[in-house]
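Listed here are the chains, written in short residue letters.
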Amino acid sequence: MIIQKPLTKIALILFLIILLPALFFSTYELSSLNENEKVIQSIYTNQLDAILFSVNQYTKDILDSWAAKLNLILVERETNNEEFGKKMNEFLDLNSSVNYILFADSSSNNVMEIFTSRKKELPAINIKDATKFYKENKHLAKRLYAYKKEGYQKYESISDSNFTKYSMILFLMNLKYSKVKSCVIIYDPNVFIKQILTPRLQDVSQEKFRITVFDNKNNRTIFSTERNDSTKIEQKKSFWLLPDYSIGISLKGKTIASLVESRSEFNIILIIALNLILLIGLLFVYRSIRKEIELAQIKSDFVSNVSHELRTPLALISMFAETLELERARSEEKKKEYYKIISQEANRLGKIVNKILNFSKIEAGKIKYHFSEIDLNNFVEDIYNTYSFHLKSNGFQCSFEKGEFNNKTSADREALSEAIINLIDNAVKYSDEVKLITVKTGLENNMVFIEVKDKGIGISKDDQKKIFDKFYRVTSGNIHDTKGTGLGLTLVKHIVNIHKGTITIESTLGKGSSFRIYLPSIS
Ligand code: ADP
């Protein structure tokens, strides 16, 4: 069969139009996975930044509210001086993170008043010391004035070696008629974070994030929304107004990296699975196309085989009939010989036509079977006896080995005998020098069997798988000369299936073949 060329072409086309784009797509997808990872990473980073921003903003809001309250207290002082001290104490009591409040004037940054929280036993700060560090941070106050001119209320964080435990915040007051122009709030950052920021942090973490606050100076964690979670902190940034403290943020339970990794893994698996499915689909398409091409080729072989099979007997019949018609036969003996040839060839023609008709009926599902109980031994023996004369006259040595059993089987007599005759016909056709045929019956595993064995040319392992396919004929060696339709074994197989039996073959190339039909036995 010369089907290799179109098949290679089809394989190439399939590869080019389906597999190649899929390969391109997969490579592109795989290479863009890295890009995707980067995009996802940046999305998360932005989200984390937003949370950080909101926490910082909240801190500023708190300071705004403190500044506003202090402004108000100072304004009220102008009308009611007596209440002033009381109100300042109230403010300090209410905001327990605040330890000291210092008010200073504008011109020389002289500290004018100091208020100390009553709750804790805090050391007193004297005005001289305070003025000193106030002056050291003069440049910050200047900056605040510049901002104020632009219309911004800003805060500056200041540090001093005397107050390492505390945080200090400097801001400008908003008072027209008071001498007090600026204020420093000295507060305990630990208390501030725990009391004021913690509820806010819990809020923004939204069960999705873990937010941790670090004390940078002492290198320790002072707060975490998830105490038992030890995942790596993804983002860490300092608070605007608490420069010695930073806030860290990570996804709860999973790090962004592991999240991105698991997503990439899933994508890779998906791409591989898709490619595999595509490949399997392609193989499937390729195989069905190959089958179709093979079938088309086989069919065309069949047509030429059949024409050849029909032409030979027809030519012989017409030649001898003409000879007889023109009375060219020289003797009575010759005439008899010619009649015999004509009848033999007509018989052969009949067989071929029957085979083809039977096959087309099977294909159309038109054959009706009539099952009856038969004694297999007798049934096969009858067929053998009818045939043995024909075999022997063709130079075959043949024998029938009758099995020792009385089991019966249910069969359509006509169909089963056709199957057996087909096997015997093949044994004759495919015998070469050793002309030996054995027909045998037997019982095995509660199945009866009929065996037809020859010492002919044999069938290769590869061909054994295909010989039951319709139109299939072995084309190697000199078998080409042997006539056939490639339908005989297809019919046999069909008949065996109808009888719920099986057919087996044992064959060695050059040594001979043995076919066995197994049928269910009725004991
Ligand atoms: P056909 O004999 O008309 O070609 P079959 O369907 O009966 O078709 O057989 C299919 C093929 O199986 C044959 O072409 C032949 O090559 C091989 N075959 C069948 N029976 C035998 C046998 N007994 N010995 C060797 N080859 C056989």
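What this report covers is the structure whose coordinates are included nearby. (Residues numbered from 1 in each chain as written. Predicted model: local features only at pLDDT ≥ 70, side-chain atom pairs only at ≥ 80, totals over all residues. Heavy atoms only, no water.)

## Points about the overall build of the chain
Stated formally: Helix and strand assignments come from DSSP, with helices taken as H or I runs of at least 4 residues and strands as E runs of at least 2, each series counted from the N terminus. The globule rule used for comparison is 2.2 Å times the number of residues to the exponent 0.38, while the radius of gyration itself is calculated over C-alpha atoms. For every residue, the accessible area obtained with a 1.4 Å probe (protein chains only) is divided by the maximum for its type, and the residue is called buried under 20%, exposed over 50%, and partly exposed between those limits. In this tally Asp and Glu are treated as negative and Lys and Arg as positive; neither His nor the chain ends contributes. Charged side chains are reduced to one point each, which is NZ for Lys, CZ for Arg, CG for Asp and CD for Glu.
Looking only at helices and strands, the chain features eleven helices and 16 strands. At 53 Å, the chain has a C-alpha radius of gyration far larger than the 24 Å of a compact globule built from 523 residues. Overall size of the chain, expressed as C-alpha extent along the three principal axes, is 160 × 50 × 40 Å. When the 523 residues of the chain are sorted by exposure, 42% land in the buried category. Averaged over its 73 positive side-chain charges, the chain has a centre that lies 4 Å from the centre of its 62 negative ones.

## As for unusual backbone geometry
Its identity is not glycine, yet N446 carries a phi of approximately 65°, on the positive side. As for its position among the elements, N446 is in the loop between β13 (436-444) and β14 (447-454). In this structure, K500 is a non-glycine residue whose phi angle is positive, near 60°. Tracing the backbone shows K500 in the loop between α11 (488-498) and β15 (502-508).

## Some remarks on the environment of I280
Tracing the backbone shows I280 in helix α6 (residues 256-325). In this structure the C-alpha to C-alpha distance between I280 and H308, which are 28 residues apart in sequence, comes to 41 Å.

## Some words on the site of the ligand
Which entries qualify depends on this criterion: Definition of nearness: a residue and a molecule or strand are near each other if at least one heavy atom of the residue lies within 4 Å of the molecule or strand. A 3.5 Å cut-off defines polar contacts: any pair of N or O atoms within that distance qualifies, except that in protein one atom must be a possible hydrogen donor and the other a possible acceptor, and neighbouring residues in sequence count only when both atoms are side-chain atoms. The method behind every accessible area is Shrake-Rupley, applied with a 1.4 Å probe, and residues are considered shielded solely by the protein chains displayed.
Near the ligand you find 19 residues, and of these N426, Y430, R473, T485 and L489 are the closest. D454 is positioned with one of its side-chain polar atoms (N or O) 2.9 Å from a nitrogen atom of the ligand. G488 places a polar main-chain atom, nitrogen or oxygen, 3.3 Å from an oxygen atom of the ligand. If the ligand stood free it would expose 530 Å²; the protein chains cover 99% of that surface. Within the residue set of the shell around the ligand, elements represented by two or more residues are α9 (413-429), α11 and β16 (512-520).

## A closer look at the side chain of E451
For clarity, the threshold we go by: Two residues qualify as a contact provided that any one of their heavy atoms is within 4.5 Å of a heavy atom in the partner residue.
Assignment of secondary structure puts E451 in strand β14. In contact with E451, not counting residues within four places along its chain, are T438, V439, K440, S514, F515 and R516.

## A few points about the pattern of salt bridges
Stated formally: For this analysis, a salt bridge means a side-chain nitrogen from Lys or Arg found within 4 Å of a carboxyl oxygen belonging to Asp or Glu.
Summed over all chains, the structure comprises 19 salt bridges. Its salt-bridge partner being E332, residue K335 comes within 3.5 Å of it at the nearest N-O pair. Remark: E332 and K335 occur in helix α7 (residues 332-364); sequence separation between them is three residues, near one turn of the helix. You can call E332 exposed: its relative accessible area is 58%. Within the structure, one salt-bridge network assembled from shared partners comprises E444, E451 and R516.

## Looking at the layout of surface pockets
Over the atoms, a rolled probe matching the size of one water molecule traces out where space is still vacant. Definition in use: Using only the protein atoms, space was sampled on a 1 Å grid; points where a 1.4 Å probe fits but cannot get out form cavities, open sets with protein on both sides within 12 Å along at least five of seven lines form pockets, and lining residues are those with an atom within 4 Å of a point. Grid points are joined across faces, edges and corners, and a volume is the space filled by probe spheres set on the points. In the scheme used here, Gly and all other residues not listed as nonpolar or charged are polar, with Ala, Val, Leu, Ile, Met, Phe, Trp, Tyr, Cys and Pro taken as nonpolar and Asp, Glu, Lys and Arg as charged.
Space inside the largest pocket adds up to approximately 1,500 Å³. Put simply, the parts of the chain that give the lining of the largest pocket at least two residues each are α7, α8 (376-393), α9 and α11. The greatest single-element share of the lining of the largest pocket, amounting to twelve residues, is contributed by α7. Of the residues that constitute the lining of the largest pocket, the class distribution is twelve nonpolar, 14 polar and 15 charged.

## Remarks on the sheet that holds strand β6 (residues 209-215)
Within a sheet, neighbouring strands are paired by backbone hydrogen bonds and run either parallel or antiparallel to one another. How we decide: Pairing between strands is defined by DSSP: at least two bridges between the two strands are required. Here an axis means a line fitted to C-alpha atoms, over the contact stretch when the element is a helix, while the angle between two N-to-C directions is reported on a 0 to 180 degree scale.
Strand order in this open sheet of four strands is β7-β6-β9-β8, and the pairing throughout is antiparallel. The open sheet is flanked by β7 (220-224) and β8 (235-238), the only strands paired with a single partner. Neighbouring strand axes in the sheet, compared pairwise and without regard to direction, differ in orientation by 25° on average. Of the pairings in the sheet, the one linking β6 to strand β9 (residues 245-251) comprises seven bridges and is antiparallel in character. Residue F209 lies in a different strand from β9, and its bridge partner there is L251.

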